[in-house]
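Single-letter residue listing:
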Amino acid sequence: MNNVYPRSFSHIGLSVPDLDAAVKFYTEVMGWYTIMEPTEIVEDDSPIGEMCTEVFGAGWGSFRIAHLSTGDRIGVEILNSKSREP
């Protein structure tokens, strides 16, 4: 097997307790770019709803998500799930 390092990837996901505060921090302090403003995703029969059900399983409900990018084009999904809040 040929191990080539470092390996590349298209994006990472971060779960945060406060989506708006996280977006503010990463854009203002880290200088990241906003690709998609914070958006509510709900469990329904829309394409995004069905895709999330395939990933999370039935009953996930809803969550908020934003998409950012670092200066060197690494995508970052920041999400806040109601079901995971304390």
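The preceding data block contains the structure.
Summarised in this report is the structure supplied together with it. Quick caveat: nothing in here was measured; it's all calculated off a predicted structure.

Definitions and cut-offs
Residues numbered from 1 in each chain as written. Predicted model: local features only at pLDDT ≥ 70, side-chain atom pairs only at ≥ 80, totals over all residues. Heavy atoms only, no water. Phe/Tyr/Trp six-rings, centres within 6.5 Å; stacked < 30°, edge-to-face > 60°. Buried < 20%, exposed > 50% of the residue type's maximum accessible area, 1.4 Å probe, protein only. Helix = DSSP H or I, 4+ residues; strand = E, 2+ residues; numbered from the N terminus. Pairing = 2+ DSSP bridges. Core = buried A, V, L, I, M, F, W, Y, C linked by side-chain atoms within 4.5 Å. Contact = heavy atoms within 4.5 Å.

By convention here, two paired aromatic rings are described through the distance between centres and the angle between planes. What the rule picks out here adds up to five aromatic pairs. Measuring from ring centre to ring centre gives 6.2 Å for phenylalanine 56 and tryptophan 60, while their planes differ by 55°; the resulting arrangement is tilted. For phenylalanine 56, a relative accessible area of 40% corresponds to the partly exposed category. Measuring from centroid to centroid gives 5.5 Å for tryptophan 60 and phenylalanine 63, while their planes differ by 55°, and the two rings are tilted. For tryptophan 60, a relative accessible area of 9% translates into the label buried. Members of the aromatic cluster, each reached through a chain of ring pairs, are Phe25, Tyr26 and Trp32.

Here we come to the pairing of strand S4 (residues 75–81). Taking burial as the measure, the seven residues of S4 include six buried ones, the bulk of the element. Alignment of strand S1 (residues 11–15) against S4, held across five bridges, turns out to be parallel. Opposite glycine 13, over in S4, you have glutamate 77 as the bridge partner. As defined by bridge partners, strand S3 (residues 62–69) adjoins S4 across seven bridges and the pair is classed as antiparallel. The residue of S4 that forms the bridge with alanine 66 is isoleucine 78. What sits between the antiparallel neighbours S3 and S4 is a turn of five residues, in which arginine 73 has the positive phi angle 70°.

Before going further, it helps to examine the nonpolar core. In summary, soluble globular proteins display a tendency toward joint burial of nonpolar side chains. Core analysis: the biggest nonpolar cluster contains ten residues, these being Val16, Leu19, Ala22, Val23, Tyr26, Trp32, Ala66, Leu68, Val76 and Ile78. Elements that contribute at least two residues to this core include exactly helix H1 (19–28), S3 and S4. Per-element accounting of this core gives the leading share, four residues, to H1. Discounting residues that sit within four places of it in the chain, tryptophan 32 has contacts with Tyr26, Thr27, Leu68, Ser69, Thr70 and Val76. Counting residues in each nonpolar core, the second largest holds six residues, with Ile41, Trp60, Phe63 and Ile65 among its members.

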